[in-house]
Amino acid sequence: TQLLKQSPQFLSIQEGENLTVYCNSSSVFSSLQWYRQEPGEGPVLLVTVVTGGEVKKLKRLTFQFGDARKDSSLHITAAQPGDTGLYLCAGGPLAGGYQKVTFGTGTKLQVIP
Amino acid sequence: DAGITQSPRHKVTETGTPVTLRCHQTENHRYMYWYRQDPGHGLRLIHYSYGVKDTDKGEVSDGYSVSRSKTEDFLLTLESATSSQTSVYFCAIRPGTGTGGSPLHFGNGTRLTVT
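All of the points below concern the structure found in this document.

Conventions used here
Residues numbered from 1 in each chain as written. Chains lettered and ligands numbered in written order. Predicted model: local features only at pLDDT ≥ 70, side-chain atom pairs only at ≥ 80, totals over all residues. Heavy atoms only, no water. Pairing = 2+ DSSP bridges. Helix = DSSP H or I, 4+ residues; strand = E, 2+ residues; numbered from the N terminus. Axes fitted to C-alpha atoms, helices over the stretch in contact; angles between N-to-C directions. Buried < 20%, exposed > 50% of the residue type's maximum accessible area, 1.4 Å probe, protein only. Contact = heavy atoms within 4.5 Å. Buried area = accessible area lost by both parts, 1.4 Å probe. Salt bridge = Lys/Arg side-chain N within 4 Å of Asp/Glu carboxyl O. Nonpolar A, V, L, I, M, F, W, Y, C, P; charged D, E, K, R; others polar. Disulfide = S-S within 2.5 Å.

Re the sheet that holds strand S7 (residues 61-65) of chain A
Strand pairing within a sheet occurs via backbone hydrogen bonds; the two strands may be parallel or antiparallel.
All names here are of chain A.
Next up, step 1: Taken together, the five strands give an open sheet; going across it, the order is S1-S3-S8-S7-S6, and neighbouring strands pair in antiparallel fashion. Here the strands that pair on one side only, and so sit at the sheet edges, are strand S1 (5-7) and strand S6 (55-58). Within this sheet the neighbouring strands show an average axis-to-axis angle of 15°, counted without direction.
Next up, step 2: Relative to S7, S6 runs antiparallel, the two sharing four bridges. By the bridge assignment, Lys-57 is partnered in S7 with Thr-62.

Considering the environment of A:Gly40
Next up, step 1: Following the sequence through the fold, A:Gly40 ends up in the loop between strand S4 (29-37) and strand S5 (44-49).
Next up, step 2: We classify A:Gly40 as exposed; its relative accessible area is 57%.
Next up, step 3: Each residue touching A:Gly40, except ones within four places of it in the same chain, is listed here: B:Arg9 and B:Asn108.

Some details on the interface of chain B and chain A
Next up, step 1: In this complex, chain B contributes 27 residues to the contact, which on the side of chain A involves 21 residues.
Next up, step 2: A combined buried area of about 1800 Å² lies between chain B and chain A, and 54% of that area is made up of carbon and sulfur atoms.
Next up, step 3: At the junction of chain B and chain A, the tally comes to zero salt bridges.
Next up, step 4: When residues of the side of chain B that touches chain A are traced back to their parent elements, those giving at least two are strand S4 (31-38), strand S5 (42-51), strand S6 (54-57) and strand S9 (87-94) of chain B.
Next up, step 5: Of the residues that constitute the side of chain B that touches chain A, the class distribution is 10 nonpolar, 12 polar and five charged.

With respect to unusual backbone geometry
Next up, step 1: Note that the residue after A:Ser7, namely A:Pro8, is joined by a cis bond; omega there is -10°.
Next up, step 2: By the element assignment, A:Pro8 lies in the loop between S1 and strand S2 (10-14).
Next up, step 3: With an omega of -10°, the peptide bond running from B:Ser7 to B:Pro8 counts as cis.
Next up, step 4: Look at A:Ala78: it is not a glycine, yet its phi comes out positive at around 50°.
Next up, step 5: Summarising the element assignment, A:Ala78 is placed in the loop between strand S8 (71-76) and strand S9 (85-93).

Some words on the sheet that holds strand S3 (residues 19-25) of chain B
All names here are of chain B.
Next up, step 1: Taken together, the four strands give an open sheet; going across it, the order is S1-S3-S8-S7, and neighbouring strands pair in antiparallel fashion. Each edge of the sheet is formed by a strand with only one pairing partner; in this case those strands are strand S1 (4-7) and strand S7 (64-70). Geometrically, the sheet is characterised by an average inter-axis angle of 20° between neighbouring strands, direction not taken into account.
Next up, step 2: Across four bridges, the pairing between S1 and S3 is antiparallel. Looking at the pairing, Gln-6 lines up with Cys-23 of S3.

Describing the state of the cysteines
Residues and elements named next belong to chain A.
Next up, step 1: In the structure shown here, the tally under the stated rule is two disulfides over all chains.
Next up, step 2: Disulfide partner of Cys-23: Cys-89, at an S-S distance of 2.1 Å. Across the S-S bond linking Cys-23 and Cys-89, the dihedral sits near 80°, which makes this disulfide right-handed. Taken as a pair, Cys-23 in strand S3 (residues 19-24) and Cys-89 in strand S9 lie far apart in primary sequence, 66 residues in all.
Next up, step 3: The class of Cys-23 is buried, set by a relative accessible area of 0%.
Next up, step 4: Accessibility expressed as a relative area gives 0% for Cys-89, which makes it buried.

Section: the environment of A:Lys59
Residues and elements named next belong to chain A.
Next up, step 1: Secondary-structure assignment places Lys-59 in the loop between S6 and S7.
Next up, step 2: You can call Lys-59 exposed: its relative accessible area is 83%.
Next up, step 3: Residues Lys-59 and Ile-76, spaced 17 residues apart in sequence, show a C-alpha to C-alpha distance of 9.2 Å.

Right, dumping it as structure tokens:
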């Protein structure tokens, strides 16, 4: 079983602050995705990273895939209350069983106005 | 909107009773998944399907069975519900051939309480 550990587990910050969420594994992934989930709803995809070292930006969110494809980070600049939610990383394995998408443990973010 | 409907949205049942959760999709995608979500554990894969009558186990499959007799429906059954199966259950579909980074699209979940 491939495990994805996210840190921190909880984060409460003031509006305007920056933050970084980490997603780490001992296994290599073919691709890694970040989702955001709001209460009472299913997770919604934010981004997919496929290439080791890849950096993608989505407005104030910057996503990076580690060179070895074992880890990823999500950086939010000038957080806003609308960023509040549960952030989940998810990865598919490199060889075989690629349909088994594994999710991280989640980071619950609260942005206080 | 990926056209995924989960039913029921909420259910309370007693220990030892059978429970079936339904996931219905309107877009004929091949790959469907059942996850459970619990605090501190994120989303854990229970079972998934890669076609009609083709299913496989995930990491937490004990106590659960699935069936997929039609492309559009993926059923999750708890044969004899236990309190440890109290959770929020999410169905997801994965468009395309499933290779590479095609994303999952989720339903809105079923909150199951086993008393």
